[in-house]
Amino acid sequence: MRRLRACLGAAAAVGLAAAGTTALVAGSASGATSALSNRWYAAAPYLMPLDNDPPDPAAIMDATGLKAFQLAFVLAPNGGGCSPTWGGTAAVSSDTAVQSVVNTIRAKGGDVSVSIGGYGGTKLGQVCSDAAATAAAYQQVITKYGLHAIDFDLEEPEYENTAAIKNEIGAAKILQQNNPGLYVSVTTAGTADGTGWFGKQMLLEAKAQGFTPNNFSIMPFDGGFNGAASQTGALTNFNQILQSTFGWDQATAYAHEGFSGMNGRSDTGEFFTQTDFQTVLDYATSHNMDRFTFWSLNRDRQCTPADNGGRTLGTCSSVAQSSWDFAKYSVKFAGATPPSSTPTPTPTPTPPGTGCKPAWSSTAVYTVGNEVSYNNHNWKAKWWTQNETPVASDWGVWQDEGAC
């Protein structure tokens, strides 16, 4: 459901998150580097360095002024064990490929954060014996790369595992305590109501453990969203959840809230253009939100005609754009000004099937991928169904494809 991470090869994703402005001096090929301001880590978009045709981070930095990248994902080994790997296959302990990417970024005055978890794969919180063991595995990542920031991306299927979430939240708290100044973000699924039942249980676990990260971020896509208005609505609702869970006032909740979007065409066929990103950016800055990021830099370029065809890809956005258009919104959130360039027209794309599909029938049998119309919306079946009325639900059989 989230971010193309399983279907597009979760071998490794590179992400820069936020780091504190103090301590934790990190080594690089060009010598030691100090942390960036937290705002840069909060603005860092995700980058897959080992998969999905990784772009050159130095070129992105030159073109946009971006300084921070969110490297993803660290997982447990595919063969089992409580040790960190990139994508389940490449041990962090012996890594040189990602280290080279980190060195390139730091040589140009930038920095990285690492994201752990993501969609699919086996997470360390699922296999390590307890929170302390989970934290020890993640500490290897912090030490290896001299990190100032780390992102806990807690989503399917891990966030449905109570014991795993207890380990992950406990590990995040330990890392926060043992690494002064470490910027910690927690990212989870978004819904129209803010976040779903499992997301709310994760927040309650954080409350029970007395853990407060720099932010809790939601991903308002892949859930029947339709442009920026639906996303800002979800962020407003999530703010209310943070208030009620932690007893914060509205301003404090926004100061601990983040947005993690998806540029272009999402897994479920939603579209988010540059105009949508600007609207959400304006919302985030006007409400003093802590984080604004997106998935991913690998997708921040236009598809070739041969690649597009109405599909969602891990290497391009499927919307009209110039390369790195979406990264410039991250630069703006960080408080910097991207280099001037001639903007690319960004017409709102027309998804396939804008007209109404055949009407839903209570007696018909539908299988995965079948499309129908009901109440002036098109719907797509996620699995076999009969006599289940199309209705928007994260866990229901029908995926809302929008008005028709």
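Placed above this text is the structure.
Figured I'd write up the structure that's included with this text. Numbering of residues starts from 1 in each chain and follows the order in which that chain's sequence is written. Owing to the predicted nature of the model, reporting of local features is limited to residues with pLDDT of at least 70; listing and counting of side-chain atom pairs is limited to 80 or more, with chain, interface and lining totals taken over all residues. In computing side-chain properties, one takes all heavy atoms of the structure into account and sets aside hydrogens as well as water.

**Notes on the overall build of the chain**
The helix and strand tally for the chain stands at eleven helices and 18 strands. A buried classification covers 55% of the 404 residues belonging to the chain. Residues count as neighbours in contact if any of their non-hydrogen atoms are within 4.5 Å of one another. A fraction of 72% describes how many contacts in the chain between residues 6 or more apart in sequence connect residues 24 or more apart. Labels follow the DSSP assignment, with helices taken as runs of H or I lasting at least four residues and strands as runs of E lasting at least two, numbered in each case from the N terminus. In this scheme, a residue with accessible area under 20% of its type's maximum is buried, one over 50% is exposed, and one in between is partly exposed, where area comes from a 1.4 Å probe on protein chains only.

**Quick notes on the pairing of strand β16 (residues 377-381)**
Pairing geometry for strand β15 (residues 371-374) and β16, over four bridges, is antiparallel. When the bridges of β16 are listed, V372 appears paired with W379. Counted along the chain from β15 to the antiparallel partner β16, the turn is two residues long, and its residue N375 has a positive phi close to 55 degrees. In the sheet, β16 pairs with strand β18 (residues 398-403) via four bridges, with the strands oriented antiparallel. The residue of β18 that forms the bridge with W379 is D400. Here the rule is simple: two strands pair whenever DSSP picks up at least two bridges between them.

**Some words on the pattern of salt bridges**
A pairing counts as a salt bridge when a side-chain nitrogen of Lys or Arg comes within 4 Å of a carboxyl oxygen of Asp or Glu. Taken as a whole and assessed by the stated rule, the structure comprises five salt bridges. The residue D53 makes a salt bridge to R301 at a minimum N-O spacing of 3.7 Å. Of the two residues, D53 sits in the loop between β2 (46-47) and α2 (57-64) while R301 sits in the loop between β13 (291-295) and α11 (327-333), which places them 248 residues apart along the sequence. Here E371 and K357 are joined by a salt bridge, their closest N and O atoms 3.6 Å apart. With a gap of 14 residues between them, E371 in strand β15 and K357 in the loop between α11 and β14 (365-366) connect regions that are remote in the sequence. The class of E371 is partly exposed, set by a relative accessible area of 28%.

**Considerations on the nonpolar core**
By size, the foremost hydrophobic cluster in this structure holds 94 residues, and its most contacted members are F69, L71, F152, F216 and F292. With seven residues, the single largest contributor to this core is helix α8 (residues 228-246). Here, the term nonpolar core denotes a set of buried Ala, Val, Leu, Ile, Met, Phe, Trp, Tyr and Cys residues that are joined through side-chain atoms within 4.5 Å. Core analysis: the next-biggest nonpolar cluster, separate from the first, contains seven residues, Y366, W379, A381 and W398 among them.

**Looking at the sheet that holds β15**
Strand order in this open sheet of three strands is β15-β16-β18, and the pairing throughout is antiparallel. Strand pairing shows two members of the sheet lacking a second neighbour, β15 and β18, which therefore form its edges. Between one strand axis and the next, the sheet turns by 30 degrees as a mean value, whatever way the strands run. Only the contacting stretch of a helix is used when fitting its axis, a line to C-alpha atoms as for every element, and angles between N-to-C directions run 0 to 180 degrees.

**A look at the environment of C82**
Mapped onto the elements of the fold, C82 is located in the loop between β3 (68-75) and β4 (85-86). Along the backbone, C82 and S129 are 47 residues apart, and their C-alpha atoms lie at a distance of 8.2 Å. What C82 contacts, discounting residues up to four positions off in sequence, is L124, C128, A133 and A137.

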